[in-house]
Amino acid sequence: MPSEETYTLLKDIAPTVYIPYEKLSTEERLHSIASIFGKEQEAETLITNLNNKVEESKKTLADAGILDKTISIVEGGLKGMVIVESKQFGRGSQAVYEYLGMKAPEVVQKKIDVVSDAAGSTISMEVLPEYIGDYVFRSVYEGADNLTDNPIWSSIRRSKKVV
């Protein structure tokens with residue numbers, strides 16, 4: 001993740017602007033970038049379009065009976081999982097928790113409600129079911145552990161919608 005340290009290294013090589021992703025909303029990031037390039041009006045159009053799509057998506061999810069379901073976003077493997085506990089973590093957390101207003105299971109939602117920076121906790125597989133909502137988004141990357149034969153993960157896959 002870019003940091004002020006990275007900015008300090010790069011600014012001597014080429015013109016560089018530091019935009020702290022994890023501390024700004026999408027709208028704030030877009031406004032910041034647009035002001036650099038003199039594209040403020042284009043940014044407003046994009047934000048309006050985004051907000052319209054969010055409202056359409058909320059209606060679609062509500063009509064499908066999904067908007068009020070709990071969502072968990074996880075990443076990890078055999079030894080443990082990172083549970084996303086903020087709207088700024090990435091992995092879709094801002095779209096799901098902030099824009100769509102969906103909720104995580106209560107144990108996770110309590111942290112999301114008070115955390116403003118990117119945050120997540122690594123938990124053991126044994127307690128993972130306590131953190132799992134009605135729907136699960138698992139971030140998988142090349143080389144990630146195959147959980148097919150893990151009994152805990154398999155029980156979650158049978159009882160929840162995992163995407």
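Above this note sits the structure.
Every chain is numbered on its own, with residues counted from 1 as its sequence reads. The predicted origin of the model limits local features to residues at a pLDDT of at least 70 and limits the giving and counting of side-chain atom pairs to 80 or more, whereas totals for whole chains, interfaces and linings rest on all residues. No hydrogens and no water enter the side-chain calculation; it runs on all heavy atoms of the structure.

Colleague: I would appreciate a short explanation of the packing of aromatic side chains in the present structure.
Modeller: Between the rings of Phe, Tyr and Trp (Trp by its six-membered ring), a pair exists once the centres lie within 6.5 Å; its type follows the angle of the planes, with under 30 degrees stacked, over 60 edge-to-face, and the other angles tilted. Applying the stated criterion to the full structure yields zero aromatic pairs. The ring of W153 carries R138 above its face, with NZ or CZ at 5.6 Å from the centroid. Think of it as a cone above the ring: NZ of Lys or CZ of Arg counts as a charge over the ring if it is within 6 Å of the ring centre and within 35 degrees of the ring normal.

Colleague: Would you mind going over helix α3 (residues 40–63) with me for this structure?
Modeller: Think of an α-helix as turning once every 3.6 residues; residues three or four places apart then point the same way. Only DSSP runs of H or I reaching four residues or more are called helices, and only runs of E reaching two or more are called strands; each is numbered from the N terminus. Expected helix span is given by 1.5 Å per residue-to-residue step, counting one fewer step than there are residues. In a regular helix each residue adds 1.5 Å, so 24 residues correspond to 34 Å; α3 covers 35 Å between its end C-alpha atoms and thus fits that length. Exposure classes here rest on a 1.4 Å probe applied to the protein chains alone. A residue is buried below 20% of its type maximum, exposed above 50%, and partly exposed in between. A43, I47, V54 and L61 are the residues of α3 that are buried. Between two residues, a contact is recorded if the distance between any of their heavy atoms is within 4.5 Å. Buried residues along α3 sit in contact with α2 (26–37) and α4 (93–99). Directly beyond the C-terminal end of α3, a positive phi value near 75° is found at G65.

Colleague: Can you walk me through unusual backbone geometry in this structure?
Modeller: Most of the time, phi is negative for any residue but glycine, and the peptide bond is trans. In this structure, R91 takes a positive phi of about 60° despite not being glycine. Mapped onto the secondary structure, R91 falls in the loop between β2 (80–84) and α4.

Colleague: It is not clear to me how a nonpolar patch on the surface should be interpreted in this structure. Could you clarify?
Modeller: Taken together, the side chains of V17, I33, I36 and F37 define a hydrophobic patch exposed on the protein surface, amounting to about 390 Å² of accessible area. As for its position among the elements, V17 is in the loop between α1 (4–10) and α2. When its relative accessible area of 52% is taken as the criterion, V17 is described as exposed. Patches draw on residues past 30% relative accessible area with no salt bridge. Two like charges within 9 Å are joined, as are two nonpolar side chains (Val, Leu, Ile, Met, Phe, Trp, Tyr) within 5 Å. Where accessible areas are quoted, they stem from the Shrake-Rupley method and a 1.4 Å probe; at the residue level, only the protein chains shown are allowed to cover. Just to be clear on terms, a salt bridge is a Lys or Arg side-chain nitrogen sitting within 4 Å of an Asp or Glu carboxyl oxygen.

Colleague: Looking at this structure, how should I read the nonpolar core?
Modeller: Generally speaking, a soluble globular protein has its nonpolar side chains buried in company with each other. The criterion is simple. A nonpolar core is a set of buried Ala, Val, Leu, Ile, Met, Phe, Trp, Tyr and Cys residues joined through side-chain atoms within 4.5 Å. By size, the foremost hydrophobic cluster in this structure holds 28 residues, and its most contacted members are V74, L128 and W153. Breaking this core down by element, the ones donating at least two residues are α3, β1 (71–76), β2, α4, α5 (106–112) and α6 (151–159). Ranked by the residues each element gives to this core, the list is headed by β2, at four residues. Residue contacts for W153: discarding those within four places in its chain leaves V74, M81, M125, L128, V136, R138, L147 and V162.

Colleague: Explain α2 to me, please; I cannot follow it from the model alone.
Modeller: In a regular helix each residue adds 1.5 Å, so twelve residues correspond to 16 Å; α2 covers 17 Å between its end C-alpha atoms and thus fits that length. Positive backbone phi, at 70°, marks G38, one or two positions downstream of α2.

Colleague: Would you take a moment to explain the environment of T6 for this structure?
Modeller: Position of T6 among the secondary structure elements: in helix α1. Classification of T6 by relative accessible area gives partly exposed; the value is 32%. The spacing of T6 and Y18 is twelve residues in sequence and 8.8 Å in space, taken between C-alpha atoms.

These values are about where atoms sit, not about what they do.
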